[in-house]
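Report on the structure
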Amino acid sequence: MLTVVLSGLRARWAAFLGSFVALALGVGLLATMSLGLSATFDAPERAPQRFAAAPVVVKGRDAVTVEVRRGPGTATVSKKLDRPQPVDIELLAELKARWTVTTAGGPDAVGVHGPAAEVRTLVGERARVLTGNERRLADPEPERDAEALVAVNALLGTAGGVTTFVSVFVVASTFAFAVALRRREFGLLRTAGATPGQVRRMLLAEAAGVGVLASAAGCALGAWAAPWLARVLVEGGLAPEWFAIGGAAWPFHVAFWTGVTVALTGAFAASRRAGRVGPADALREADVDADVLPLGRALLGTGLLVTGAGLLVWTGVTEPSELLKRKTYTTVPMLLIAGVALLAPALVRPVARAVRLPGATGMLVRENSAAAVRRTAAVAAPVLVTVALAGSLLGASTTVTSAKAAEAREQTRAEWVVTGDDLRPVPGTSATGATSVFVRDGAEALVKYGARAVSDPAAFAELARLPVVAGDVADLDDRSIVVNEEFERRGVGDVVEVWRADGSGPVRLRVAAVLALGTGDNGPYVTRANAPGAVVDRIDAGGVESGAALAGAGGTVRGVDAGAGAGGTVRGVNAEALAAAGGTVRSVDAWAAATHPASSPETRLGLLLVLGIALVYTVIALANTLLMATSVRGAELAALRLAGATRAQILRVVTGESALAVAIGAALGLAVTAACLAVQGAALAALSAPVALAVPWAAVGGAAGTCALVAAAASALPAWRATR
């Protein structure tokens, strides 16, 4: 058996080359992503900077702590405040009376030159005492390093998942197609006395040999590529400047054994089919495929398709907001893609028959594609995967960001918006600022909500155009709150306990109005009285009679028509006063475009990295499949020459077949994309958010065009050689 396996590997090295390259690349990418992930688990622990000279630091309250129910008993949970609170004045006086106290950069923390135990006894529960390396928690943004790695962790995790998904699919389909081409060989082995078990073991042994060699090569590739990936992430702004690959060994173990498992898994189904080949298949010459969709593949494909569609629809009906999250719209479509790809052999024949191509060449292209279902499906499936991933990932991301921009534009009647870090309120305008509120979720959890603090409720109600489900925004006052449908699921008039942004509370506020959930930015809203420490960062103003007056009033002005005339007011507000508020003045359209871009460069770079992986795999699969498939068609092409076909006509037939297969794959991929975006659009409508579906035609067209060029070249080259 070993001799037969080694002889087969030597004789068919070209047929195994595509599988080797695909698997080695997959292992290399998985090792690279895993090495990157290992570097995101632990941010470097910086030494204390702000109070490096003080042995003890007393820090003001920086979290709100609430008692909640845990099983039969209770426990305390804490949520971080937006900003630490100042050290209590009385406590500060007591500290100064006993020890030397230093301040640096703000009242939220002080350095104390005294024994830690005595300081801790004096402070008690009134503040937090930090010693040793914990003193760095008093530095500005102490968690910035760990927070900077969250996006990197999510990106590399997604890329690793896509790599594993695509590599399993490509390697499995490559092995399956290679087995289909060797049907006569297996028939000869069976005629010579080989048992079905021996045929299966031979194929699994070949897969194991390819898997071990390719996995070893992939690990070496990953060791080389990981530092390069780290540099790309840093230069692209996705990772902090200090990000670097460590020396963890587990990523290599994960990548190597995943590669071997993928190779054996991909060959397993093909080996079972090969074991069923009988001796009579040695005489088989027909090119019409039969039994192209085995029962196991049909059941698995149908199960994945039904599961993916059911999960997509169920999520859209029960939790539509989940479909707006990257984790959901990245993972759920993969089930649909895998299901349709597995069922591709049953789909390509009717699609190919439905195509009408002119002339004798077109007829041959259509009939050959419909007859050779395995070859057509082997080309269409990886194209389907790439087009569907490009359409669903980029389309979903762009749809969500476009919906957020449209929602922001629709929710204000203002014509001008002023933005800045600390604006000066202008009478007659709606001034708001960012804040937070903390609310118990039932009795078991504490939830932090990002909220907006309203300076003038009357002006806010006049200029806001919020999606009110119940109540009236005009009823907002110091004893009430405007919430959304997700917020404790309260009704108008209900009373909720709220902890404010500085941790004070709880205060009991009445629900004045309930808003639709939207894309997630609808409320809650409170007045400035319930938002201590909040500063104005946005001012909405009504129409302006003269853009020229506003443009000449000083400050930074965007989106102003300077030729509109002279003089004018903004709803009774002097134009100079609005421009002098201290921020950037924009028309509402210019503000929406500036603050809600289609997608951030970092997000787009991350998605393109993921899609680039899928495209590389598709190119390898197409080249390998078509080189193998066309190289064994010598007798068929020779028969066409004898029938009077010219060499140019044969090349057009062969390249036309590959182009038709790519087109079928692209069409199926677009169908999956349409299904995913349709459900996402329905989810946006259910959330009362604007529906702005976006199909990334440039990315989809680029992926399909690249596949078509590779497929044409990979089929034309062996056909040209065979017809010399």
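A closer look at the nonpolar core
With 82 residues, the main nonpolar core has Val 166, Leu 233, Phe 243, Ile 337 and Leu 389 as its most contacted residues. Top element by residues in this core is helix α13 (residues 373–410). It accounts for 14 residues. The residues contacting Phe 243, other than those within four sequence positions of it, are Gly 36, Ala 39, Thr 40, Leu 149, Val 152, Ala 230, Leu 233 and Val 234. With 17 residues, the next largest nonpolar core counts Val 437, Val 439, Val 514 and Ala 534 among its residues.

Quick notes on the pattern of salt bridges
Counted under the stated rule, the structure contains 15 salt bridges. Among the salt bridges present, the one from Arg 375 reaches Glu 657, with a minimum N-O distance of 3.2 Å. On the criterion of sequence distance, the pair formed by Arg 375 in helix α13 and Glu 657 in helix α20 (residues 647–686) is long-range, its members being 282 residues apart. As a salt-bridge pair, Glu 497 and Arg 440 come within 3.5 Å of each other at their nearest N and O atoms. Of this pair, Glu 497 sits in strand β12 (residues 495–498) while Arg 440 sits in strand β8 (residues 430–441); the two residues are 57 residues apart in sequence, bridging distant segments of the chain. Residue Glu 497 is classed as partly exposed on the basis of its relative accessible area of 32%. What you see here is one network of salt bridges that share partners, running through Lys 59, Asp 62, Lys 80 and Arg 128.

Some thoughts on the confidence of the model for the protein chain
Looking at the protein chain as a whole, its pLDDT mean stands at 80, while 86% of the residues score no less than 70. Per-element averaging of pLDDT across the protein chain places helix α15 (residues 547–551) at the bottom with 43 and strand β14 (residues 525–527) at the top with 94. Taken as a whole, residues 544–570 scores under 50 in pLDDT and shows 57 contacts with residues more than four places along the chain or in a different chain.

Here we look at the environment of Arg 126
Within the element layout of this structure, Arg 126 appears in the loop between α4 (116–123) and β6 (128–131). Spatially, the C-alpha atoms of Arg 126 and Gly 60 are 8.0 Å apart, while their sequence positions differ by 66 residues. Aside from chain neighbours lying at most four places away, what touches Arg 126 is Leu 91 and Glu 94. Engagement of the side chain of Arg 126 in a polar contact is seen with the backbone oxygen of Leu 122, the distance being 2.8 Å.

Focus on the sheet that holds strand β4 (residues 100–103)
Pairing within the open sheet is antiparallel, and its four strands lie in the order β4-β5-β1-β6. Edge strands, defined here as strands with exactly one partner in the open sheet, are β4 and β6. Within the sheet, the average angular offset between the axes of one strand and its neighbour, ignoring direction, is 30 degrees. Where β4 meets strand β5 (residues 109–113), four bridges bridge the pair, whose relative direction is antiparallel. Note on β5: the bridge partner recorded for Thr 103 is Val 110.

Quick look at a negative patch on the surface
Residues Glu 319, Asp 441, Glu 444 and Glu 486 make up a contiguous surface patch of negative charge. By the element assignment, Glu 319 lies in the loop between α9 (295–318) and α10 (326–342). Residue Glu 319 is classed as partly exposed on the basis of its relative accessible area, which comes to 40%.

Some remarks on the side chain of Thr 412
Counting through the fold element by element, Thr 412 comes out in the loop between α13 and β7 (416–419). A polar atom in the side chain of Thr 412 sits 3.0 Å from the side chain of Asp 540.

Re α4
Since one α-helical turn is 3.6 residues long, residues separated by three or four positions face the same way. Within α4 the residues assigned to the buried category are Val 119, Leu 122 and Val 123. Along the long axis of α4, the arc covered by the buried residues comes to 95 degrees, so they all point the same way. Turned more than 90 degrees away from the buried face of α4 sit Ala 117 and Thr 121, all of them exposed. In this structure, the buried side of α4 is in contact with β1 (56–59), α3 (89–98), β5 and β6. Gly 124 sits one or two positions beyond α4 and adopts a positive phi of about 65 degrees.

Some remarks on the packing of α10 against α13
The contact between α10 and α13 brings their axes to 10 Å, and the two run at 155 degrees. As summarised for this structure, α10 and α13 are arranged roughly antiparallel, according to the angle between their axes. When you trace α10 past α13, the crossing you get is right-handed. On α13, the residues touching Tyr 329, Thr 330, Pro 333, Ile 337, Val 340 and Ala 341 of α10 are Ala 381, Leu 384, Val 385, Ala 388, Leu 389, Ser 392, Leu 393, Ala 396, Ser 397 and Val 400.

Quick word on the environment of Ala 699
Within the secondary structure, Ala 699 is located in helix α21 (residues 697–722). By relative accessible area, which is 24% here, Ala 699 ends up partly exposed. With 312 residues separating them in the primary sequence, Ala 699 and Val 387 have C-alpha atoms 8.4 Å apart.

A look at the packing of helix α11 (residues 344–354) against helix α12 (residues 359–371)
It is at 8 Å that the axes of α11 and α12 come closest, and there the two elements cross at 165 degrees. Relative to α12, the element α11 is oriented roughly antiparallel. In the crossing of α11 with α12, the sense of the turn from one axis to the other is left-handed. Touching Arg 349, Ala 352 and Arg 353 of α11 are Arg 366, Glu 367, Ser 369, Ala 370 and Ala 371, all from α12. Considering only residue class, the contact of α11 with α12 consists of three nonpolar, one polar and four charged.

Reading the values: the criteria
Residues numbered from 1 in each chain as written. Predicted model: local features only at pLDDT ≥ 70, side-chain atom pairs only at ≥ 80, totals over all residues. Heavy atoms only, no water. Core = buried A, V, L, I, M, F, W, Y, C linked by side-chain atoms within 4.5 Å. Buried < 20%, exposed > 50% of the residue type's maximum accessible area, 1.4 Å probe, protein only. Helix = DSSP H or I, 4+ residues; strand = E, 2+ residues; numbered from the N terminus. Contact = heavy atoms within 4.5 Å. Salt bridge = Lys/Arg side-chain N within 4 Å of Asp/Glu carboxyl O. pLDDT = per-residue confidence, 0-100. Polar contact = N/O pair within 3.5 Å; in protein donor to acceptor, adjacent residues only side chain to side chain. Pairing = 2+ DSSP bridges. Axes fitted to C-alpha atoms, helices over the stretch in contact; angles between N-to-C directions. Patch = residues over 30% accessible without salt bridge, like charges linked within 9 Å, V, L, I, M, F, W, Y side chains within 5 Å. Areas by Shrake-Rupley, 256 points an atom, 1.4 Å probe, with all protein chains shown as cover. Lys, Arg positive; Asp, Glu negative; His and termini not counted. Charge placed at Lys NZ, Arg CZ, Asp CG, Glu CD. Arc of directions from axis to C-beta. Parallel < 35°, antiparallel > 145°, perpendicular 65-115°, else oblique. Left-handed = near helix turned anticlockwise from the far one by under 90°. Nonpolar A, V, L, I, M, F, W, Y, C, P; charged D, E, K, R; others polar.

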